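Tertiary structure, described
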Amino acid sequence: MKFLGNLAGIGVTLGSIGLFVLVLVLWRLNSGLPNYEHLANYTPPVMSRAHAGNGLLIAEYAQERRIFVPIDTAPEHLINAFLAAEDKNFYDHSGIDFIGILRAVVSNLRNVVTGRRLEGASTITQQVAKNFLLSSDVTFERKLKEAVLALRLERTFTKRQLLELYLNEIYLGLGSYGVAAAALNYFDKPLSDLTIAEAAYLAALPKAPNNYHPFRKRARAIARRNWVIERMRDNGYITDDQARRSAAQELVVADRPASLRRYAAEYFVEEVRREVYGLYGEKQLYGGGLSIRTTLNTDFQKLALTSLREGLQNYDRRRGYRGPVAELESLEAWWEQLTQISIPTDLAPWRLSVVLSVDDELQEASIGLRPRMTRARRFEQSVELGVLPLKGVTWAREGPSPNNSYKIKGPRIRKVSDVVKVGDVVWVEEKSSNDGHYELKQVPEVNGAMVALNPHTGRVQAMVGGYSFSASEFNRATQASRQPGSAFKPFVYAAALDSGFTPASLVLDAPFVMDQGKDQGLWKPENYARRFYGLSTLRLGMEKSRNLMTIRMAQEVGMAKITDYAARFNINSTMPDVLAMSLGAGETTLMRLTSAYAMLVNGGKRIEPRFIDRVQDRYGKNLFKYDQRACIGCDDETYEQQAAPDLPDDREQVLSPQTAYQVVSMLEGVVKRGTGRRISSIGKPLAGKTGTTNDSRDAWFIGFSADLVVGVYVGYDDNRPLGNGESGGVVAGPIFKAFMEEALKTEPTPPFRIPSAVSLVRINAKTGKLARPDDETVILEAFKLGNEPSIGRKQAIVRGRSGTSRRTRPAVNTETVGTGTGGLY
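What this report covers is the structure whose coordinates are included nearby. (Residues numbered from 1 in each chain as written. Predicted model: local features only at pLDDT ≥ 70, side-chain atom pairs only at ≥ 80, totals over all residues. Heavy atoms only, no water.)

**Points about unusual backbone geometry**
Residues Ala348 and Pro349 are joined by a peptide bond in cis, for which omega reads 15°. Positioned with a positive phi, Leu174 is a non-glycine residue whose angle comes to about 55°. Here Leu174 lies in the loop between helix 6 (159-169) and strand 4 (176-177). Look at Leu174 and you get partly exposed, because its relative accessible area is 39%. Phi is positive for Ala757, which is not a glycine, with a value near 65°. (Helix = DSSP H or I, 4+ residues; strand = E, 2+ residues; numbered from the N terminus. Buried < 20%, exposed > 50% of the residue type's maximum accessible area, 1.4 Å probe, protein only.)

Here it is in structure tokens:
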């Protein structure tokens, strides 16, 4: 008895100690448990998304790629797939599945013997506790906390709420957080469009996404997906027939990054990113779930990139072939050597290749192509060969020196060996016949930019900031300040028209010399053609881009007024008051200059280029809306013969509509008869102006229809000359033309709108006088009402004096010539 008593005492003592330890452990667990009640207001980081004007997705900004979806929007077969794979007793347990734990123990004993994968026993509720509230440390204490939290979560949240938390938080690989983001990243689909097989694959990923990568470990991925399908069938979620057909489907995964790149909008979306970052900061941009509606026209954007690239390539070919990208000393494992060469990633369908042999008798070279990059971001293992025929290299002649004519000077290519040799690494593009024959290509050294915007709203509809975003993220449309040359002249003419000139006023085109003072020598500007044409109308001066006429006119008007116009149109707000500025010597950006032209065609109304129409938060509330005008009647749901809403035009008037139209009319003449006449073959009402700076370092063409303004700039980043003869009309004009031909092909193109208080009068285009019946060159000229020409009225003639300084007013004569007054007396 004494022994039994001692034994009982020891039992009581040990029990007390055990109870104390248990209480201590539970107290420690309880005191160390995180607060879980905040999950009721769960707002996870959600990626922000930018859409084009037509609603197409063009960019995603995120650190965690997540799209939050309410549980009610998730399809049942997707939920069932996760239940089958992770927690088939989810609706029956209270947070911990004790039956599942026992089953997992028994199954794992069998799996250890057979070498099969071990099964887990964590419920979805436990995974919610771990993912939201605990670390991923594999410790006994963490498992205990997980179990306690799971029990508490079950008492606080409904099963559907727990599922919503789980499906939106779980990491599923490829940077995807939550099922909605995974559906887009893997299959480029919304949840509602997922098939059973696709839902099963997503449900296969939570345990270890990298173990079931769709490309690197494809066989294991399909096997795991089919295991989930079997579990769905065994649990009664799908039929035998559905399971059989789903398991037979291929695992087809979309190339999600490529799907976003198809709009070629990298420069545009980067500009949007900068703007949103400036408005709302990093946290909101990358995790606030913002919905950003941009101004982009995806068709125009793709067309702008194609037009700019082809134009730059055409110029580059005129400058000749510069040689291979690199040279391989040995052809051993040439395919591996090609993969080591760093190249831009956005030049498809171009391929990098190496010349393996040259056969001048067959007039071709054999080339080996750089292995393609798979969607697993690895290179293909297969070797791909091609043929480079003679006709694919005949363009690659020796080019002229930088200061010589733009015409190729090298001898004609008669053999493939005249261009390439074994070991040369070159760019090639497969011909349209797809027969394995390629053409030699060359990435241009020259660069450029292109902008298209709506002149009435300032909405930027396309923007390309360079030849390749992958090669250079520097945006030449918004960040490159260059001299616009003659593309600035329309604003000098606008100042002159507001100072009493008319398009028919005569200005002397003759030599001009000015002493610059302070031992700087004489300034002797010239026309582009280095010729002088005597008295000419303002219109002719604009159409032919006469420098000397512009200088005399600027001298008469005064540079202070011209610099004021430059600031007014936001071209350059710090332009000095020197005559050279009238020829476009002051720097600006393509975006600023294109926007300034928009203010001409829209009747002199101020606009600011904009990339964003609206920004909404994750709940659909407007955070930003560009157009703040009140629209009374816009919310009417039915039409009952009421008048259309009348939106107020609150744009600032920076130029009179009459002056703006006179400039537009003269710029239309540039296209019809002047330096931009190559554009006239489009057969649409178009206007524009070329621009070429000293030594042809910058080439511009800014042109427009009544409802679309397009600006093109071409130049070297290091500011070297483009070459003699490479003017704005030769280099930039064809790029503008290629874009407009396609952009306006199916669009109605109305004539330019004529404002009130403008009279159209028939005059002689050469003399500016009223037209006579026997005149051959007759045009309709735009005059402000009350300033029309008539018999006996005096015409202003600006002759100027050679040798005057910029502070001296030139001589102004008036003669009775029977045309417009010009207003100079």
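Moving on from the coordinates now.
**A closer look at the layout of surface pockets**
Computed from the structure, the largest pocket encloses a volume of approximately 1,400 Å³. What lines the largest pocket is a set of 41 residues, and nearest its centre among them are Asn527, Tyr528, Ala529, Asn547 and Thr692. Of all the secondary-structure elements, those providing two or more residues to the lining of the largest pocket are strand 20 (687-692) and helix 21 (728-731). Here the residues of the lining of the largest pocket are counted per class, giving 12 nonpolar, 22 polar and seven charged. (1 Å grid on protein atoms, 1.4 Å probe; cavity = no way out; pocket = protein on both sides within 12 Å on 5 of 7 lines; lining within 4 Å. Points joined across faces, edges and corners; volume = space filled by probe spheres on them. Nonpolar A, V, L, I, M, F, W, Y, C, P; charged D, E, K, R; others polar.)

**Observations concerning the packing of aromatic side chains**
In total, this model carries 23 aromatic pairs according to the counting rule given. A centroid spacing of 5.4 Å and a plane angle of 80° characterise the contact between Trp334 and Trp335, whose relative ring orientation is edge-to-face. Here Trp334 falls in the buried class, since its relative accessible area comes to 7%. With centroids separated by 6.5 Å and ring planes inclined at 50°, the aromatic side chains of Trp350 and Tyr467 adopt a geometry described as tilted. Here Tyr467 lies in the loop between strand 13 (460-464) and helix 15 (489-497) and Trp350 lies in the loop between helix 14 (334-339) and strand 7 (351-359), a separation of 117 residues in the sequence. Across the pair, exposure class does not vary: Trp350 and Tyr467 are buried alike. Taken together, the aromatic side chains of Phe488, Phe491, Tyr565, Phe569, Tyr597, Phe704 and Phe752 make up a single cluster linked through ring pairs. (Phe/Tyr/Trp six-rings, centres within 6.5 Å; stacked < 30°, edge-to-face > 60°.)

**Thoughts on the sheet that holds strand 18 (residues 612-616)**
Taken together, the five strands give an open sheet; going across it, the order is 2-1-5-18-19, and neighbouring strands pair in mixed fashion. In the strand order of this sheet, the two ends are held by strand 2 (57-61) and strand 19 (622-625), each with one partner. With direction set aside, neighbouring strand axes in the sheet form an average angle of 15°. Examined bridge by bridge, strand 5 (residues 291-294) and strand 18 share four bridges and lie antiparallel to one another. Bridged to Arg293 within strand 18 is Arg614. (Pairing = 2+ DSSP bridges. Axes fitted to C-alpha atoms, helices over the stretch in contact; angles between N-to-C directions.)

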